[in-house]
Amino acid sequence: MREDIKERIELIKCGKVPKGYQKTKLGIIPKDWEVVQIQEILEKIDNPVEVKTDEEYTQIGIRSYGKGIFYKEPVTGKELGNKRVFWVEPDCFVVNIVFAWECAIARTTNEQWGMIASHRFPMYKPKDKRVNLDYLVLYFMTSKGKEIMEYASPGGAGRNRTLGQERFLNSYIVLPSLREQENIVKMLNLQKRRMDLLANLQGMLQTEKYILLQKYISGKERIFDKSSKWSKYKLEQVCEILDSMRKPLNANEREIRRKKYPYYGANGLLDYVDEYIFEDELILLAEDGGNFEDFSLKPIAKYITGKTWVNNHAHVLKVRREFDSKFVFFALEHKDIRVYINGTTRAKLTQEDMKQIRIVIPNNIEEQKKIAKIFTLIDNKRYILSKQELLLKKEADGLGQLLFSGILKGKM
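Residues numbered from 1 in each chain as written. Predicted model: local features only at pLDDT ≥ 70, side-chain atom pairs only at ≥ 80, totals over all residues. Heavy atoms only, no water.

Draft legend 1. Representation of the overall build of the chain within the structure. For the chain, the count of helices and strands is twelve helices and 25 strands. Buried positions account for 42% of the 412 residues belonging to the chain. If you take every contact in the chain between residues at least 6 apart in sequence, the share linking residues at least 24 apart comes to 75%. Counting only carbon and sulfur atoms, one obtains 49% of the accessible surface of the chain, whose full area is about 23,400 Å². (Helix = DSSP H or I, 4+ residues; strand = E, 2+ residues; numbered from the N terminus. Buried < 20%, exposed > 50% of the residue type's maximum accessible area, 1.4 Å probe, protein only. Contact = heavy atoms within 4.5 Å. Areas by Shrake-Rupley, 256 points an atom, 1.4 Å probe, with all protein chains shown as cover.)

Here it is, written out as structure tokens:
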């Protein structure tokens, strides 16, 4: 980082105003930047659709966290009924008022021409070409932008937090010159393309892994010659289920020990509720999957040399000595576990359900190890790419803070 930028950061941290900067209600920003109300730069537009019962219409939706617009299945005017809908206008800032607090925002383009949106997706056109729409979307993904959306969406969680459009329009944002906005967009888009490239590489590796799993874990193709024998086993023949050995910790123990050892739950995220201690190689299999349709049991294999804490939403499996634990993990990862679960609205994999799981395994443990090595190498590559992607994201977040505050101006 350049010395002048470091000096500027230190001055602003101390509440001092560097030369060429000004103090505003939104913090210290360059003198040639503005603090404006959103209603000064955006105006709401709506073009109601005269729905015809025998015509088909495609509605848009908006994903949360700035992930853009998606298209719903076409419906007839008859199916729309009395629903209020509007033509999607290109080159607008559009927001889902139900999930604005989750940054369900986007910009429309000519690709959505002829599509429709309900009243829950208000559209705003830029006034006097003062704002770049891509800049605006990126701004609302910053901490200051998210604060605006949360402030304008009072209420409880979920659908009770509807965007107050008047509150939104009366809020203030930082606005550089149009040229500076374009530079910010270019620099952040360059970072995004680099992250997208890494994500695509991970996707390609995942596809490769899936294809190879289809071949080798099923036994359709062999590492050894075709005469090598495979057998079908119940999961309980392959693994010890250690759930009954879990020993709960009290709150004080958890608080003291959670800083020393990793914690794992059903989804692999850190979890500090109802933990239990283990000191072996484990496969964790999710027990509680939430909604039936969303149930995604991805076993989490962790090969552990020290103490590990596991919450009570994961089954704990220890592979028996006569089998290769990594092969068993990949075999479980390949299976569609959903066929074994019970429940309608709340899906759950019980120990009784696990007794129904069957795995086909090579009789020769060396064959198991060679197959497992293929997928371990792929996972290692994906792990390296994910670490690189995480570093790039941190770099992009830091760059965004410098750009949107005006600490870093112009081209890099």
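Draft legend 2. Quick peek at the nonpolar core. Phe93, Phe140, Met149, Phe168 and Ile173 are the most contacted members of the largest nonpolar core, which has 41 residues in total. The element contributing the most residues to this core is helix H4 (residues 133-139), with five residues. Setting aside chain neighbours within four positions, we find Phe168 in contact with Ile38, Phe93, Tyr124, Phe140, Ile148, Met149, Ala152 and Leu163. (Core = buried A, V, L, I, M, F, W, Y, C linked by side-chain atoms within 4.5 Å.)

Draft legend 3. Layout of the side chain of Thr142. With respect to the helices and strands, the residue Thr142 is situated in the loop between H4 and helix H5 (143-151). According to the relative accessible area criterion, Thr142 is buried, its value standing at 18%. Of the polar contacts made by the side chain of Thr142, one reaches the backbone oxygen of Tyr139; its length is 2.5 Å. (Polar contact = N/O pair within 3.5 Å; in protein donor to acceptor, adjacent residues only side chain to side chain.)

Draft legend 4. View of the packing of aromatic side chains. With the rule as written, the count across this model stands at 14 aromatic pairs. Ring centres of Phe99 and Trp101 lie 6.4 Å apart, and the angle between their planes is 40°; on these two criteria the pair is classed as tilted. Ring centres of Tyr135 and Tyr139 lie 6.0 Å apart, and the angle between their planes is 35°; this geometry places the pair in the tilted category. Of this pair, Tyr135 and Tyr139 both sit in helix H4, separated by four residues, roughly a single helical turn. (Phe/Tyr/Trp six-rings, centres within 6.5 Å; stacked < 30°, edge-to-face > 60°.)

Draft legend 5. Inspection of the environment of Gly20 at higher detail. Position of Gly20 relative to the elements: it lies in the loop between helix H1 (3-13) and strand E1 (21-24). Using a relative accessible area of 38% as the deciding quantity, one classes Gly20 as partly exposed. Between the C-alpha atom of Gly20 and that of Lys31, which follows or precedes it by eleven residues, the distance is 5.7 Å. Beyond its immediate sequence surroundings of up to four residues, Gly20 is in contact with Pro30 and Lys31.

Draft legend 6. Representation of the sheet that holds strand E11 (residues 105-107) within the structure. Here we have four strands laid out as an open sheet, ordered E4-E13-E10-E11, and antiparallel in their pairing. Edge positions in the sheet fall to strand E4 (42-45) and E11, since each of these pairs with one other strand and no more. In this sheet, neighbouring strand axes are inclined to one another by 30° on average, regardless of whether the strands run parallel or antiparallel. When strand E10 (residues 93-95) meets E11, the two strands line up antiparallel, connected through three bridges. Directly across from Phe93, in E11, lies its bridge partner Arg107. (Pairing = 2+ DSSP bridges. Axes fitted to C-alpha atoms, helices over the stretch in contact; angles between N-to-C directions.)

Draft legend 7. Fine view of the pairing of E1. By the bridge criterion, four bridges tie E1 to strand E2 (residues 27-30) in an arrangement that is antiparallel. Counted as the bridge partner of Tyr21 is Pro30 from E2. Here E1 hands over to E2 after two residues, the two strands then running antiparallel side by side.

Draft legend 8. Spatial organisation of the layout of surface pockets. Here the largest pocket is characterised by a volume of approximately 1,400 Å³. What lines the largest pocket is a set of 42 residues, and nearest its centre among them are Leu138, Met141, Thr142, Leu188 and Asp397. For the lining of the largest pocket, the secondary structure elements donating two or more residues are E2, E11, H4, H5, helix H7 (178-217) and helix H12 (365-405). Among the elements that line the lining of the largest pocket, the one with the most residues is H12, at ten residues. Split into classes, the residues belonging to the lining of the largest pocket amount to 19 nonpolar, 13 polar and ten charged. (1 Å grid on protein atoms, 1.4 Å probe; cavity = no way out; pocket = protein on both sides within 12 Å on 5 of 7 lines; lining within 4 Å. Points joined across faces, edges and corners; volume = space filled by probe spheres on them. Nonpolar A, V, L, I, M, F, W, Y, C, P; charged D, E, K, R; others polar.)

Draft legend 9. Region of the structure containing the pattern of salt bridges. The tally for this structure, following the rule as stated, stands at eleven salt bridges. Among the salt bridges present, the one from Glu10 reaches Lys13, with a minimum N-O distance of 3.9 Å. Taken together, the residues span about one helical turn, with Glu10 and Lys13 both in helix H1 at a distance of three residues. Residue Lys13 is classed as exposed on the basis of its relative accessible area, which comes to 64%. A salt bridge links Asp196 to Lys192; its shortest N-O distance comes to 2.9 Å. Taken together, the residues Asp196 and Lys192, both in helix H7 and four residues apart, mark about one turn of the helix. Exposure remark for Asp196: the relative accessible area of 32% places this residue in the partly exposed category. A residue is classified by how much of its surface remains accessible, and Lys192, at 43% relative accessible area, is partly exposed. One network of salt bridges, with partners in common, ties together Lys209, Glu333, Asp379 and Arg382. (Salt bridge = Lys/Arg side-chain N within 4 Å of Asp/Glu carboxyl O.)

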